[in-house]
Amino acid sequence: MKKPHVLVVFPHPDDETFGPGGSLILHSKQGTPITYLCGTLGEMGRQMGSPITANRETLPLIRKRELEEACKVLGITDLRLMGYHDKTVEFEDREELTEKIYQAVIELQPTIVYTYYPGHAVHPDHEAMAEATIAALARLPLEERPVLYCLAFSINHRQVLGEPDMNVDISSVAQEKLQAIKAHYTQTALTISRYEAALAHNDTEFIGNRLQLEQYYTYKW
Ligand SMILES: [Zn+2]
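Throughout what follows, the structure given in this document is the object of discussion. (Residues numbered from 1 in each chain as written. Predicted model: local features only at pLDDT ≥ 70, side-chain atom pairs only at ≥ 80, totals over all residues.)

**Thoughts on the environment of Gly-75**
With respect to the secondary-structure elements, Gly-75 resides in the loop between α3 (59-74) and β3 (78-84). By C-beta crowding, Gly-75 is classed as buried, having 21 other C-beta atoms within 10 Å. Each C-alpha atom of the pair Gly-75 and Gly-21 lies 9.5 Å from the other, and the pair is 54 residues apart in sequence. Filtering out sequence-adjacent residues up to four positions away, Gly-75 remains in contact with Leu-24, Ile-25, Ser-28 and Ile-34. (Helix = DSSP H or I, 4+ residues; strand = E, 2+ residues; numbered from the N terminus. Buried ≥ 20, exposed ≤ 12 C-beta atoms within 10 Å, placed from the backbone. Contact = placed C-beta atoms within 7 Å.)

And the structure:
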């Protein structure tokens, strides 16, 4: 039996929070180490905070600090910045990207991996990271591959993929996930009050797939 280890692979600071944030908190509460391979610093992010606290030059550094803070809240014990540039991951050498992820997989021997579902990740950076993650894991013999949970966001994903087979009730850690969302201040300052109000008033329509339930498709090889 391998020791539990979670590996998270996304391109942008905040993907880890908005995507599997609650699930990661639950893993960390069980004492499972979590490594995050974060592709970029989200330096092309459209938000600068409210009140504004960043400009185009300072945004990467500020987002790095925000990410570190969010990682503390989520229980991510090992943050690894891959150093790619926001919005250009799709143009990077795919073989090199795959190799970097593969090397991390060999080193860490993760038992669970989180990324996006290729074809249903909406943003080109998301698609590129997801495709490279799957290519990296596909290098392992089938029986050695970790469980791979994929997030899908495309409008038609339920029509194509059916219902998600992995449903995680995160309501017990909703406040902590909200703390992680807040940590990404430059990106979330404008919307955080919406989250707080929805949570306070138990507005299930809003908090449903944000602060109550996280859903994944287990990748079928
Ligand atoms: Zn993203």
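**Some remarks on the nonpolar core**
The tendency in soluble globular proteins is for nonpolar side chains to be buried side by side. In terms of nonpolar packing, the biggest core is built from 50 residues, with Val-8, Val-9, Leu-74, Met-129 and Cys-150 touching the most fellow members. Ranked by the residues each element gives to this core, the list is headed by helix α5 (residues 124-138), at 7 residues. Apart from the residues lying within four places of it in its own chain, the contact partners of Leu-74 are Glu-16, Thr-17, Gly-21, Leu-24, Ile-25, Ser-28 and Ala-180. (Core = buried A, V, L, I, M, F, W, Y, C linked by C-beta atoms within 7 Å.)

**Structural notes on unusual backbone geometry**
For the bond from Ser-50 to Pro-51, the omega torsion is 0°, close enough to zero to count as cis. Counting through the fold element by element, Pro-51 comes out in the loop between β2 (34-40) and α3. Its identity is not glycine, yet Val-122 carries a phi of approximately 70°, on the positive side. With respect to the element layout, Val-122 can be found in the loop between β4 (112-116) and α5.

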